[in-house]
Amino acid sequence: ASLTVRVGYEENPPMAFTTSSGRADGFYVELIGSIAEDEGWELELVPGEWARLMQMLEEGTIDLLLSTAVSPSRRELFLFPETSVYSGWSILAVKRSERFSAVADLEGARIAMIHDDIHSITFLDLVNRLGVSVEPVWVPNFQSAMESVARGDADGAAVPWHTLAYFGSQLNLQGSSVVWNPVQTS
């Protein structure tokens with residue numbers, strides 16, 4: 001009998017996402033699929049919003065969560081592999097016409113963010129430490145964050161650089177010079 005492993009993922013292309021046919025796909029989905037094949041696991045892939053997936057991981061209703069950034073507080077709660085799978089950083093995505101050259105330029109800006117997401121947590125920590133006040137615009141996922149900037153509902157979005165690379169050109173967005181949080185993910 002094989003072991004069933006419940007694996008959570010958020011809509012975070014190209015890392016993990018649901019295709020139009022309803023199938024999970026992406027870099028981390030392929031990676032965990034390969035590991036499962038080698039280990040003889042049966043995978044149950046569980047899509048969801050980040051905050052809920054983190055809660056499910058804490059409760060033990062899922063066994064793994066794909067594309068999780070490593071942080072000291074998360075290391076206290078969860079096991080991570082000794083080596084990370086991917087290295088990235090956070091960036092403020094903006095419309096091509098916008099220019100935020102420094103964090104101080106963000107005073108009063110509306111920034112799209114996801115609850116309990118490492119990019120949002122570290123962004124809020126950064127602006128708070130520098131005494132800059134921003135207005136969070138809470139969204140369920142990175143695509144929604146980028147779309148809120150494109151529509152003008154937010155001035156910027158706190159996202160991983162790969163999200164900007166994936167969605168940026170189709171939404172006419174670019175990265176600002178506000179970059180922070182080099183991060184390892186597993």
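Treat the numbers as computed from the prediction; the structure is a model and nothing was measured.

Q: Would you explain the environment of Val132 in this entry?
A: Positionally, Val132 belongs in the loop between α4 (118–129) and β8 (135–138). In this structure Val132 comes out as buried when scored by relative accessible area, which is 9%. Val132 sits 49 residues away from Asn181 along the chain, and the two C-alpha atoms are 17 Å apart. When near neighbours in sequence (up to four residues on either side) are disregarded, Val132 contacts Val103, Ala104, Leu106, Glu107 and Val127.

Q: Explanation requested: empty space enclosed by the protein in the structure shown.
A: Over the atoms a probe the size of a water molecule is rolled, and this reveals where empty space is left. Overall, the coordinates contain 1 cavity of 30 Å³ or more when judged by the stated rule. Around the largest cavity, the lining is made up of 18 residues, and of these Ser67, Ile118, His119, Pro160 and Thr185 lie nearest the centre. Elements that contribute at least two residues to the lining of the largest cavity include exactly β6 (86–95), α4, α6 (161–167) and β10 (173–185). By residue number, the principal contributor to the lining of the largest cavity is β6, which donates 3 residues.

Q: I keep staring at the pairing of β8 and nothing clicks. Help me out?
A: One ladder, built from 4 bridges, connects strand β7 (residues 110–113) with β8; its direction is parallel. The partner of Ala112 across the bridge, within β8, is Val137. Note that the unit made of β7, α4 and β8 has a crossover that is right-handed.

Q: Please explain the pattern of salt bridges as it appears in this structure.
A: Pairs can form between side chains of opposite charge whenever their charged atoms are close. By the definition in use, this model includes 6 salt bridges. Residues Glu44 and Arg6 are paired through a salt bridge, measuring 3.5 Å at the closest nitrogen-oxygen approach. Taken as a pair, Glu44 in strand β4 (residues 41–47) and Arg6 in strand β1 (residues 3–9) lie far apart in primary sequence, 38 residues in all. Here Glu44 falls in the partly exposed class, since its relative accessible area comes to 34%. We note a salt bridge from Asp25 to Arg23, for which the minimum N-O separation is 3.4 Å. On the basis of relative accessible area, Asp25 is assigned to the buried category, the value being 17%.

Q: Just to check I follow, could you spell out the sheet that holds β6 for this structure?
A: Neighbouring strands of a sheet are bound in pairs by backbone hydrogen bonds; such pairs are parallel or else antiparallel. In spatial order, the strands read β8-β7-β9-β6-β10; together these 5 strands make up an open sheet with mixed pairing. Edge strands, defined here as strands with exactly one partner in the open sheet, are β8 and β10. Strand-to-strand twist of the sheet, defined as the mean angle between neighbouring strand axes without regard to direction, takes the value 25°. Relative to β10, β6 is paired through 8 bridges, and the arrangement is antiparallel. Looking at β10, one finds that Ile91 is bridged to Val179. Here α4 sits on the sheet in contact with β6, β7, β8, β9 (156–160) and β10, set at roughly 110° to β10. Relative to β9, helix α5 (residues 142–151) is tilted by about 150°, and along the sheet it contacts β6, β7, β9 and β10.

Q: Just checking my understanding: could you explain the side chain of Glu10 for this structure?
A: As for its placement among the helices and strands, Glu10 is situated in the loop between β1 and β2 (17–18). Buried and without a salt bridge, Glu10 has Arg74 as its closest oppositely charged side chain, separated by 8.3 Å. Beyond its immediate chain neighbours, meaning those up to four positions away, Glu10 contacts Ala16, Phe17, Gly48, Trp50, Leu53 and Phe142.

About the thresholds
Residues numbered from 1 in each chain as written. Predicted model: local features only at pLDDT ≥ 70, side-chain atom pairs only at ≥ 80, totals over all residues. Heavy atoms only, no water. Helix = DSSP H or I, 4+ residues; strand = E, 2+ residues; numbered from the N terminus. Buried < 20%, exposed > 50% of the residue type's maximum accessible area, 1.4 Å probe, protein only. Contact = heavy atoms within 4.5 Å. 1 Å grid on protein atoms, 1.4 Å probe; cavity = no way out; pocket = protein on both sides within 12 Å on 5 of 7 lines; lining within 4 Å. Points joined across faces, edges and corners; volume = space filled by probe spheres on them. Pairing = 2+ DSSP bridges. Right-handed = clockwise from strand over helix to strand, strands pointing away. Salt bridge = Lys/Arg side-chain N within 4 Å of Asp/Glu carboxyl O. Axes fitted to C-alpha atoms, helices over the stretch in contact; angles between N-to-C directions. Lys, Arg positive; Asp, Glu negative; His and termini not counted.

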